[in-house]
Amino acid sequence: MSGLFGLDGRVAMVTGSSRGIGNALARGLADAGATVVLHGANPERLAASAAEMAADFPAGRIHSCAFDITDAAAAADGVRWVGENVGELEILVNNAGIQHRVPMLDLDVKDWDRVLATDLTSAFLVGREAARSMIDRGRGKIINICSVQTDLARPTIAPYIAAKGGLRNLTRAMTAEWAASGLQINGIAPGYIHTEMTQNLVDDVDFNSWILGRTPARRWGTVADLIGPVVWLASDASNFVNGQTIFVDGGMTVVV
Ligand code: NDP
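Treat the numbers as computed from the prediction; the structure is a model and nothing was measured. (Residues numbered from 1 in each chain as written. Predicted model: local features only at pLDDT ≥ 70, side-chain atom pairs only at ≥ 80, totals over all residues. Heavy atoms only, no water.)

Here we take up the overall build of the chain. Each helix and strand in the chain was counted, giving eight helices and seven strands. In terms of overall size, the chain behaves like a compact globule, its C-alpha atoms giving a radius of gyration of 18 Å where 256 residues would be expected to give roughly 18 Å. Based on the C-alpha atoms only, the size of the chain along its principal axes is roughly 50 × 40 × 35 Å. Per-residue burial for the chain yields a buried fraction of 52% across its 256 residues. Across the chain, contacts joining residues at least 24 apart in sequence account for 74% of those joining residues at least 6 apart. Carbon and sulfur atoms make up 54% of the accessible area of the chain, which totals about 11700 Å². (Helix = DSSP H or I, 4+ residues; strand = E, 2+ residues; numbered from the N terminus. Rg over C-alpha atoms; globule rule 2.2 N^0.38 Å. Buried < 20%, exposed > 50% of the residue type's maximum accessible area, 1.4 Å probe, protein only. Contact = heavy atoms within 4.5 Å. Areas by Shrake-Rupley, 256 points an atom, 1.4 Å probe, with all protein chains shown as cover.)

The following block contains the structure:
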């Protein structure tokens, strides 16, 4: 795809794209012309996802790279591998994340640390390595996948709320340090998205009616709703947008 929103010839990596939202975002970036590196922790699942996506694009457009995003050395090696084997990374989407539900009084510090490491520290580790070469080249896009829990709290998910709130401020901190070098760093905060993972919530009559009543758009989001914003933030169409977190939530966070 050429033009203002086109990503032809640009190398993008989406962390946590072996499945779920990340997989859909990676496909959206590839549809817009990017050469895409899929990523995950589990090499077998990642290889299967990459083979499936590669079948839909010309040869050489879909790659994969497995590493643990909570491991600083592995993150550095992974970003270096992309630069050496695919091309200099121009678009990084920090999407990988986990959830852990337990009341705070019962929360083990190991689980607190694990969620913070996966949902927040990883964006610093992978983002920092990507930024090194982006800064050298004077351009680059980093998109951090936040959540409505960036702004709103709910019981039983304290580390997730802390991490996603921190991710918005990390987006601002990256902007403060790297925007002058030609990078744009922004966040996307998805609302409640109807996926395989949330089908049980959609099927839960009480939860579903709470979501519909709480969302001005009166529906769940879909992964397709996230494609436009991620392509926009990855493209030249957003070259003066910096440090923002865009809520794609049907209006949930602007009403009580
Ligand atoms: P999934 O659970 O479907 O997928 C998580 C991805 O992250 C997988 O690819 C997984 O790899 C990868 N991953 C997890 N831990 C690691 C690790 N330590 N190292 C490397 N990769 C890892 O997630 P979702 O699609 O549901 O969520 C994606 C993002 O969107 C998250 O940041 C989440 O917080 C956010 N979000 C999700 C919403 C939703 O409704 N689902 C709503 C709002 C935000 P592997 O397959 O190898 O395990």
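Quick look at the layout of surface pockets now. One number sums up the size of the largest pocket: a volume of about 1600 Å³. For the largest pocket, the lining is made up of 46 residues, of which Ile 21, Gly 97, Ile 98, Gln 99 and Met 197 are closest to its centre. When contributions to the lining of the largest pocket are tallied by element, the ones reaching two or more residues are α1 (20-31), β2 (35-40), α5 (158-178) and α6 (199-203). Looking at the lining of the largest pocket element by element, the count peaks at four residues for α1. Of the residues contributing to the lining of the largest pocket, the split by class is 20 nonpolar, 19 polar and seven charged. By volume, the second largest pocket is sized at about 150 Å³. Lining of the second largest pocket is provided by Ala 76, Val 79, Arg 80, Gly 83, Glu 84, Glu 88, Leu 89, Glu 129, Arg 132 and Ser 133. (1 Å grid on protein atoms, 1.4 Å probe; cavity = no way out; pocket = protein on both sides within 12 Å on 5 of 7 lines; lining within 4 Å. Points joined across faces, edges and corners; volume = space filled by probe spheres on them. Nonpolar A, V, L, I, M, F, W, Y, C, P; charged D, E, K, R; others polar.)

Just geometry here; none of it tells us what the structure is for.
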